[in-house]
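Descriptive structure summary
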Amino acid sequence: MNTWLLSILILSPLLGVLVLLFTPSQDEKSIKWIGILGTLFPLGTALVTLSAFNISGKGLQLAEKFQWVSYEVFQTNGDVTYPIFYEVGINGLSMVLILLTTVVSVLAAIASFSIKKDWKSYFILFFLLEMGMIGVFAAQNLFLFFIFFEITLIPMFFLIGRWGYLEREKAAYSFLIYNGVGSAILLIAFVAMFMKTGTMNFEQLANTFSLPQSELNEMNITKNFKMGMLIALLVAFAVKLPVAPLHSWMVRVHVQAPPPIVMLHSGILLKIGAYGLIVFGAGLFPDQFKSLAFIIGLFGVINLLYGAFLALTQRDLKRVLAYSSVSHMGIVLIGLAGLNEEGMTGAVFQVVSHGLISALLFFLVGVLYERAGSSQLQDFGGVAKRMPIFAGVMLAGGLASLGLPGMSGFISEFMAFLGLFETMPVLAAVGTLGLILTAVYVLRAVLAITFGAEKELTNAHDLSSTERIPAFILLAAILFIGIYPAWLSDMLRPTLDSILLGLGG
Amino acid sequence: MDLDTLLSFRWSVMLPEFIILGVATLLSVIDLFMKKESSRKPLAWLAGAGILAALIAVFMQLDIEVTSILYDTYRLDSFSKAFKILLLLGTLLVIVLSSNYKKEDLEENRGEFYYLLLAALLGAMMMASSADLITLFVGLELLSLSSYVMAGLERRNKRSNESAFKYIVSGGIATAITLFGMSYIFGLTGETNLFKIAENMGNLELLKHSFLIVFAFIITFAGLTFKIAAAPLHMWAPDVYEGAPVPVTAFLSVVSKTAGFVILLRVIIICFIAAPGIDKEPILLQVQPYVMVLAAATMIIGNVTALRQRNIKRMFAYSSIAQAGYILVPFVSNSSLLFELIWFYLLAYLFMNIGAFTVIQLLSSQEGSADVGIFRGLFRRSPWLAVPMTFFILSLAGIPITAGFIGKFGIFMGALGLDPAHYWLAAVMMATTLVSYVYYFNIIAIMFFRDSDGTKVSIPGGMAAVLAFCTASVIILGIMPDLALDFFYGNFDVNEFFMQIETEVHTHDH
């Protein structure tokens, strides 16, 4: 069983697709239930994987590998093959992210009850998207990573363009082109590395690139080549994360895409950018990464402040949250720039914590939009009176977002800044301004909706029982990590240790 | 040449060609004796059966070692076998398309269409097997002349007439350029046999005339790029593609283009492999910048101009220009992967393009228009047409789990694998691929995001089979490309391409 466990996990969402193909497309109720059950199966498989996963174990686990594509390159000294393998495996970091993916997917499927049309094709694309996301985190070579990376792209394009709000097509195109640029750069970098080293495997690449320069020269790998590759990777993942000024597509997507899809996008897809920065940036080119640390930190602080400032001035709750995501992704960069254990831990914690928090907040936006047909701050006020549970969850989510101690957001921000203060105190000090701004814009938005003069809402009933499930589960997870972060850090320690070893920290 | 010599050749080498020739002759005779009113549709079965038989014959030849007949003018080597499979497969699918093509205009010429198609195919196959400039040229002309007529088969359709006329004029010019270049090659070496040309090109005497070699290269290359519709000789493609009947367009964009690459590889690589350029450097290295600029220009012009097209056939004409640009990239980088990369990409291209043209044919004949708007709301109307079309488009755009992605990935490997790596060419290819997303995904957006009150499109059995076959191939080759690559490596030895066969002992009449 264990030999194929990971492949089963990756392909598990396809079961839902298979069932859906034989479901009549008008049968709304069954399709939605299949949608939920179809995401529960990957979650179950992920839990089985977790139980088979040795938390304290070092290195790759549950690895699978077989030859997939082989080009024979004819050279004067005989045939040399360039094999491409199918390689999957997980370490602590990818295990955590896969868990996050499967959990958020279930909750997003529940939130998808609000989808109004074409449920069948919606859920088929939803499952394909989930498969792509799991695959990205399980892939152990560049080729496979790229394939899954692109697989997430296409369903997203459809989901935004078909089920989004008014300017959905524009948002879908903007998503496609920006991410297309990112993956174009990524592909060139991947192929260049493959052709230089003859391997695509993460571990082998890291080993090759860590050879002394004299040996690398024989393989025609110069320092400039390594630096060029790192910069290409940074730019590619900066589009995904996104790093200002490459963020405009992401705001558009967050405003236009249907709320369940934004939960996935903000919760998981943006994290692929962070994952890529950690695994490829810091993992493959530690020396070069170190020399760029200041610039990465600088971009982190810019992201944090810029996102926060813009969030402060928005009138639409969706846009507030979108810019808040930009701002929070800055903290990931700040953590990475620290180049030490605290910083790295903070960055990864932020990835997980923001995944949960943003999924929760965007879920709530969806609820609000369904009630009122709007997400403009001015249309709401005093919601707490008629929808107390909603208001409570919203306030809690907001507090988590601004980093209140006891919630997951606090741990990650604290660690990330702790890391940066050790190495670049001035930059870190400037960055802390962002935390204050965060508190201001979060409270401004949340309080404007929940308290104040009551505004007429046509359909102001509180969270229904189906709506409570995602809200409470996400809130519980946020609190759990906030109160007992050791569980997460235990999972992550072996992975982070090996990356830190490369960084010489 | 006496009868003994004639009989001593291994004619079995030409079995596939003979089958095609025989069926074409048979078709023309049957067409002549058939009643004028009776439908020519059943002839498609005969033509299809003939191609299938030829395809089987090629497969049976797979084990035969490299052989040549007719004084080394006609070769059966791995290269010719590998590409003949593509040519035959492509034409077979085109036959199915054409048998379902309904237009009053074509009906009276349907018989002609089938044997012209086979004649064109025969020309293409001759190009794949020839080792002599003269036979190559005969093959090229056979393909071209048949294509000119096919483009104008809808006699009362102005567009079709315009298409044929433009094709024949520009094709004639290109032929003249090709011949002009070949005359230089002949003048320099005094030979028409490709291998002897290659031998003589290495002659030290020629060093004095190295600029003539460069001249010969550039002119011949320019002339030969007409068929693949590479810039700057691409202008014919949009007009011809737009006016010609859809099956003919499919044939031109797939089979004829494949044949164009075949002749380009044969002539350019063999003739010039040992030729010195200016300053004694090998010419193939020296002209790299020129070919590179050509490839880049083709990709840029094709993809950028496609953005503005509303007519779906014109859009696909520009798209196929762009695809030719991609396939030129391995040609530039000249890596050891050259043959498998071009072969694989053309294989993938065959499925995705013919698949797309199948959908275009079905839709345009139902709607009576070729505007891109005919795709409106297709997913709602006919999901079984929209979903395959999506896969073809994703493949053309080079998105993973489709054959097109593997093809593009391979081309990148070729471009970046050498030292120095062609980073900027790869970058141009990637950037233009991004541009292509805009018009490719526009079709997807029209199919999925817009609603229409149009009616369902009925899919005849033959077309459904082509669609299913092409979709399956695009996906299977995308997930398991080794199926094709293993077949290629297992059956084709690239070295045979360069292997000169000693003239056999048939020469007692000399």
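Since this is a predicted model, take the numbers as computed values, not measurements. (Residues numbered from 1 in each chain as written. Chains lettered and ligands numbered in written order. Predicted model: local features only at pLDDT ≥ 70, side-chain atom pairs only at ≥ 80, totals over all residues.)

If you tally the helices and strands in chain A, you get 22 helices and two strands. In terms of overall dimensions, chain A has C-alpha extents of about 80 × 60 × 40 Å along its principal axes. Every one of the 505 residues in chain A was classed for burial, and the buried ones make up 58%. For chain A, restricting intrachain contacts to residue pairs at least 6 apart in sequence, the fraction spanning at least 24 positions comes to 80%. (Helix = DSSP H or I, 4+ residues; strand = E, 2+ residues; numbered from the N terminus. Buried ≥ 20, exposed ≤ 12 C-beta atoms within 10 Å, placed from the backbone. Contact = placed C-beta atoms within 7 Å.)

For chain B, the count of helices and strands is 22 helices and two strands. Rg of the C-alpha trace for chain B: 22 Å, near the compact-globule value of 24 Å for 510 residues, within the 12% margin. Seen through its principal axes, chain B has C-alpha atoms that stretch 75 × 60 × 40 Å. Per-residue burial over chain B gives 57% buried out of 510 residues. (Rg over C-alpha atoms; globule rule 2.2 N^0.38 Å.)

Right, let's talk about the domain arrangement of chain A for a bit. Residue and element names in this part refer to chain A. You can read the domains of chain A as domain 1 (1-290) and domain 2 (292-505). The straight-line distance from the C-alpha centre of domain 1 to that of domain 2 is 23 Å. Taken together, the contact pairs 44 residues of domain 1 with 46 residues of domain 2. Where the side of domain 1 that touches domain 2 is concerned, the elements lending two or more residues are helix 4 (92-111), helix 11 (248-256), helix 12 (259-284) and helix 13 (286-291). In terms of residues, the side of domain 1 that touches domain 2 owes the most to one element, helix 12, which gives 14 residues. Here the side of domain 1 that touches domain 2 is composed, by residue class, of 30 nonpolar, 11 polar and three charged. (Domains from an automatic or database assignment. Nonpolar A, V, L, I, M, F, W, Y, C, P; charged D, E, K, R; others polar.)

Facing 29 residues of chain B, the contacting portion of chain A comprises 29 residues. Of all the secondary-structure elements, those providing two or more residues to the side of chain B that touches chain A are helix 19 (403-417), helix 20 (423-449) and helix 22 (482-491) of chain B. Considering every element that reaches the side of chain B that touches chain A, the biggest residue donor is helix 20 of chain B, with 10 residues. A breakdown of the residues in the side of chain B that touches chain A according to their chemical character gives 22 nonpolar, four polar and three charged.

Now for the UniProt feature "domain: NADH:quinone oxidoreductase/Mrp antiporter transmembrane" (unreviewed entry) in chain A. Under the present numbering, the feature "domain: NADH:quinone oxidoreductase/Mrp antiporter transmembrane" (unreviewed entry) in UniProt falls on residues 139-431 of chain A. In residues 139-431 of chain A, helix accounts for 82% and strand for 0%; the two terminal C-alpha atoms are 34 Å from one another. (UniProt positions renumbered as here; feature names shortened; annotations may be inferred.)

Attention shifts here to the confidence of the model for chain B. Residues and elements named next belong to chain B. Confidence in the prediction of chain B, expressed as mean pLDDT, is 87, and 97% of residues score 70 or more. Segment residues 505-510: pLDDT under 50, and five contacts once partners within four positions in sequence are set aside and those in other chains are kept. At the level of chain-chain contacts, confidence expressed as ipTM amounts to 0.92, with global pTM at 0.93. (pLDDT = per-residue confidence, 0-100.)

Residues and elements named next belong to chain A. In terms of burial, helix 11 is a largely internal element, eight of the nine residues being buried. The complete set of buried residues in helix 11 reads Trp249, Met250, Val251, Arg252, Val253, His254, Val255 and Gln256. Tucked inside the fold, the buried residues of helix 11 contact helix 6 (142-163), helix 7 (168-197), helix 12 and helix 15 (317-337).

All names here are of chain B. Mapped onto the fold, Lys408 is located in helix 19. You can call Lys408 buried: it has 26 C-beta atoms within 10 Å. Note: C-alpha distance between Lys408 and Phe33 (375 residues apart in sequence) is 49 Å. Contacts of Lys408, omitting those with residues within four sequence positions, involve Tyr326 and Gly398.

For the rest of this paragraph, the subject is the nonpolar core. In this structure, Leu107(A), Leu117(B) and Leu118(B) are the most contacted members of the largest nonpolar core, which totals 390 residues. A total of 20 residues in this core trace back to one element, the largest contributor, which is helix 16 (residues 338-367) of chain B. Here this core spans two domains, and each of domain 1 (1-290) and domain 2 (292-505) of chain A adds at least three residues to it. If near-sequence neighbours (up to four positions away) are discounted, Leu118(B) is found in contact with Ile20(B), Val23(B), Ala24(B), Leu27(B), Ala47(B) and Gly50(B). (Core = buried A, V, L, I, M, F, W, Y, C linked by C-beta atoms within 7 Å.)

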